[in-house]
Amino acid sequence: MTAFILVSGMFTGTHIWQDTVAHLTAAGAEVHTVALTGLDGPSAVAAPRVDLETHIADVLAVIDSVGVAGDRRIVLVGHDYGIHPAVGAADRRAECIERIVHLDSGLPRDGVPALAAVPDQSLRERLAGADGADGADGADGVLPPPAHEEWPRWGSTAGVPDAALDRLTALAAPQPLGTLLQPLRLTGAVEPVPTTGVLCTGNGTSIELVQMLVRLGDPALRPLTDPRVTFFELPTGHWPMLSCPAELTDVLLRAAAGEGHRLEPVDDTAGPGHLQPFLMDVPDVPRERHGNVDLYLPDAEEPRPAVVFVHGGPVPADARPTPRDWPGLTGYARCVAGDGAVGVLLDHRLHDLGDYERAAADVAAAVELARADPRVDQDRIALWFFSGGGLITADWLDAPPAWLRCLAATYPVLAPLPNWGLSETRLRPARAVANAGDLPVVLTRVGREMPEIAATVEEFLAAAKDCGADVEVIDVPNGHHGFETIDVTDESRTAVRHALRTVLDHAFGGHAR
C-alpha cells in the first residue's frame, strides 16, 4: 500500500488537504498530514525559535510513525514552502521514501534557506536581514499571514472557489521567520530518491518552460533530466488541493506509480537549440567589443542608425557562451550591419528574477554607449527585445525619447508570470503602452508559444488596441519560442526578414541606407 505524507506550505496547516485526503482514501491509499509547529490553524502561536529544523522534526515524526513495514511505500508530498522540510526529512530517512513530490514548489538546495524560494521579490529583500521587517523581531519573529486580497502575492489563486479562499484566509497562521531564514542542510542521501514535479500552469510554470531552462545549460537544472524525475501539469493556480482536489489526487496516484513526463536530456554533442546556427546566411561584418557591449559595424563613413538587441532571461551568471555570442542574436546584429545600421548586442545582468532593475539599467547604459559613439546617429535608435527581456520594454514605452524610432519585441514575455513575485514592479508593458504615443512597435508572435507567455502577449495587445498604440504584429504560425535556431523553415525566414526590414525602415525614417 502507498502511504502519502502531505506537507503544507507557508501560512497553512493540515486543513488545506481535507478534500485531497478524502479522494486519496477513497482510492485505497493511506494518507497522513503533517501538522507543522506554529502553523496549524489561526490560533497557532509560534513558539520561540521555531525554525526549519523544527519543521523537519515534525515531518520526521510522521515518517517514523508510519514506518515501512510490509509493502508500505511512502510518497512524501511538499507544497510550496513545505518541500523544504519534506526534503530535509527525506535526506535523513532516504531508505524509507519511495518518491518525493514537489507540488508547485522549488528545488531545495543544501545551504540555501527557504526564503530564496519566496515568490515576492520585494519581501525577500526586506526579510533577508530579518531585522524587524513587517513587525518581525529577527529570526524569532513571525511573518503575518496574507489578507484576503493578498494571496496572489504568494501564488495564483486561479480556480480556487470563493468559499475556499475565505477559509484559507480565516485559518491562515503567521509564518515563523526562522523557518524561512535557516539554511537547509542536506547530506546528499536524498539525491537517489525518485522525484516528481507537479507544475501548476496557471501559476506560470509548465513542462515546456522547464525544458527550455534546462536547455539553457544551468548546471543546477541538469538533474531534472534524470529518468527518475517525472513531471505532471495541472491547469490551475498555486493551490490545486483547493481548486481541483480530484485531479490532484489522480496525479499523485500516477506519480506514486512512477508515471509522468520525462525531460529530454541535453545533447552535449549537438548542443542546445539556442546555440544552433542562425536560420539565414549572415554577412561577415566587423565587431568591436566594449566591456559588456558589442558593436557590429556597417561599411559606412557617415553616422548610421543603431539597433540595440536585448536578450531574454534569466540566464545563469555562469552560462557560457554568454547571450551576446548566441547565434540567434549575433545573426540579427550581423544582418542589421549588413543592411547599413549599427548592430548593438549586450550582456545584461538578468541572472535571477530579482535582477530586472539592474538589467534595465544595463540596457539604458548600453544605449547611451551606442549613442555616444561617433559612428552612430544618436537621433535614430531602435530597441529590440527578446523573450524575458520583454518586461524591460515598459521603461521605453512609458516615456519614449524622441530619438527612439522603433521598439521591437520577439516572442516576448510582456507581463510578470504569477509565480515570479513581481506584483509590485513598474515593469508592466501592458500598462506602459498607454504612454507610447506614436512610437512604432513591431511584435513577432510565435504560434507555438508556451501558453503562460502567450497570455502576456495577448494582454499587451488588448491594452495596445484600447489606447490606439501603433503595433504591427508579425506572426510565425508554426514557430516556437527561439524559432530562429530551432525552426529553420521558409516561414521563419520570411518572418525574420519582415521584422528586420520593418525595424530598419523605422530606424532610417526615409533616409537612404
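The shown structure was predicted, so the numbers you read here are calculated from the model rather than taken from an experiment.

### Quick look at the overall build of the protein
Next up, step 1: Counting its secondary structure elements, the protein contains 16 helices and 16 strands.
Next up, step 2: Taking 24 Å as the expected radius of gyration for a compact globule of 513 residues, we find that the protein reaches 25 Å, a close match to that expectation.
Next up, step 3: Reported as C-alpha extents along the three principal axes, the dimensions of the protein are approximately 80 × 50 × 40 Å.
Next up, step 4: Taken across its 513 residues, the protein has 56% of its residues classed as buried.
Next up, step 5: Contacts spanning at least 24 positions in sequence make up 79% of the contacts within the protein whose residues lie at least 6 apart.

### As for the environment of Ile 392
Next up, step 1: Of note, Ile 392 is situated in the loop between β13 (376-386) and α12 (393-398).
Next up, step 2: Look at Ile 392 and you get buried, because its relative accessible area is 0%.
Next up, step 3: In this structure, the C-alpha to C-alpha distance between Ile 392 and Gly 312, residues 80 residues apart in sequence, is 9.7 Å.
Next up, step 4: Among all residues touching Ile 392, those that are not within four sequence positions of it are Tyr 356, Ala 359, Ala 360, Val 363, Phe 385 and Leu 427.

### Re the confidence of the model for the protein
Segments scoring low in pLDDT should not have their predicted coordinates read at a detailed level.
Next up, step 1: Taken residue by residue, the protein gives an average pLDDT of 92. The fraction at 70 or more is 94%.
Next up, step 2: Throughout residues 131-137 the model reports pLDDT below 50, and contacts reaching past four residues in sequence, or to other chains, amount to 14 contacts.

### Digging into the side chain of His 55
Next up, step 1: Counting through the fold element by element, His 55 comes out in helix α2 (residues 52-66).
Next up, step 2: Residue contacts for His 55: discarding those within four places in its chain leaves Leu 36, Thr 37, Leu 39, Val 50, Tyr 81, Pro 85, Gln 175 and Thr 179.

### Describing the packing of aromatic side chains
Next up, step 1: According to the stated counting rule, one finds 14 aromatic pairs in the structure shown.
Next up, step 2: Grouping aromatic residues by their ring pairs yields a cluster made of Phe 278, Phe 309, Tyr 332, Trp 384, Phe 386, Tyr 411 and Phe 483.

### Things to note about empty space enclosed by the protein
Next up, step 1: Applying the stated criterion across every chain yields a total of 2 cavities of 30 Å³ or more.
Next up, step 2: Taken as a whole, the largest cavity holds about 40 Å³ of empty space.
Next up, step 3: Along the walls of the largest cavity sit Met 10, Phe 11, Asp 80, Trp 151, Trp 154, His 238 and Trp 239, which together make up its complete lining.
Next up, step 4: Volume-wise, the second largest cavity comes out at about 30 Å³.
Next up, step 5: As for the second largest cavity, its lining consists of Thr 393, Leu 397, Leu 407, Ala 409, Leu 414, Val 441, Leu 443 and Phe 460.
Next up, step 6: Secondary structure elements with two or more residues in the lining of the second largest cavity: α12, β14 (404-410) and β15 (441-446).
Next up, step 7: Among the residues making up the lining of the second largest cavity, the classes are represented as 7 nonpolar, 1 polar and no charged.

### Focus on the pairing of strand β12 (residues 342-346)
Side-chain direction in a regular strand flips from residue to residue, so the side chains alternate between the two faces of the sheet.
Next up, step 1: Counting buried residues in β12 gives 5 out of 5 residues, a clear majority hidden from the surface.
Next up, step 2: Of the two faces of β12, the one lined by Val 342, Val 344 and Leu 346 and the one lined by Gly 343 and Leu 345 are each fully buried.
Next up, step 3: Here 4 bridges tie strand β10 (residues 293-296) to β12, and the two strands are oriented antiparallel to one another. Considered in β12, the bridge of Val 293 is made with Leu 346.
Next up, step 4: Inspection of the sheet shows strand β11 (residues 304-310) paired to β12 by 4 bridges, in the parallel sense. Counterpart to Val 307 in the pairing with β12 is Gly 343.
Next up, step 5: The β-α-β motif built from β11, the intervening helix α10 (residues 327-338) and the parallel element β12 has right-handed crossover chirality.

### Observations regarding the sheet that holds β11
What holds strands together in a sheet is hydrogen bonding between their backbones, with the strands either parallel or antiparallel.
Next up, step 1: Read from one edge of the open sheet, 8 strands run β9-β10-β12-β11-β13-β14-β15-β16, paired in mixed fashion. This sheet does not close on itself; its edge strands, each paired only once, are β9 (287-290) and β16 (471-476). Looking at each pair of strands side by side, their axes are set apart by 20 degrees on average, direction ignored.
Next up, step 2: In terms of strand pairing, β15 meets β16 through 6 bridges, oriented parallel.

### A short note on the nonpolar core
Next up, step 1: Formed by 68 residues in total, the largest nonpolar core has its most connected members in Phe 4, Ile 63, Leu 76, Val 77, Ile 97, Leu 143 and Leu 180.
Next up, step 2: Of the residues forming this core, the biggest block, 7 residues, is contributed by α2.
Next up, step 3: Excluding residues within four positions of it along the chain, Val 77 makes contact with Phe 4, Ile 5, Leu 6, Val 7, Trp 17, Val 101, Leu 103 and Leu 252.
Next up, step 4: Residues Val 342, Leu 346, Leu 383 and Ala 394 belong to the second largest nonpolar core, which totals 53 residues.

Cut-off values and rules
Residues numbered from 1 in each chain as written. Predicted model: local features only at pLDDT ≥ 70, side-chain atom pairs only at ≥ 80, totals over all residues. Heavy atoms only, no water. Helix = DSSP H or I, 4+ residues; strand = E, 2+ residues; numbered from the N terminus. Rg over C-alpha atoms; globule rule 2.2 N^0.38 Å. Buried < 20%, exposed > 50% of the residue type's maximum accessible area, 1.4 Å probe, protein only. Contact = heavy atoms within 4.5 Å. pLDDT = per-residue confidence, 0-100. Phe/Tyr/Trp six-rings, centres within 6.5 Å; stacked < 30°, edge-to-face > 60°. 1 Å grid on protein atoms, 1.4 Å probe; cavity = no way out; pocket = protein on both sides within 12 Å on 5 of 7 lines; lining within 4 Å. Points joined across faces, edges and corners; volume = space filled by probe spheres on them. Nonpolar A, V, L, I, M, F, W, Y, C, P; charged D, E, K, R; others polar. Pairing = 2+ DSSP bridges. Right-handed = clockwise from strand over helix to strand, strands pointing away. Axes fitted to C-alpha atoms, helices over the stretch in contact; angles between N-to-C directions. Core = buried A, V, L, I, M, F, W, Y, C linked by side-chain atoms within 4.5 Å.

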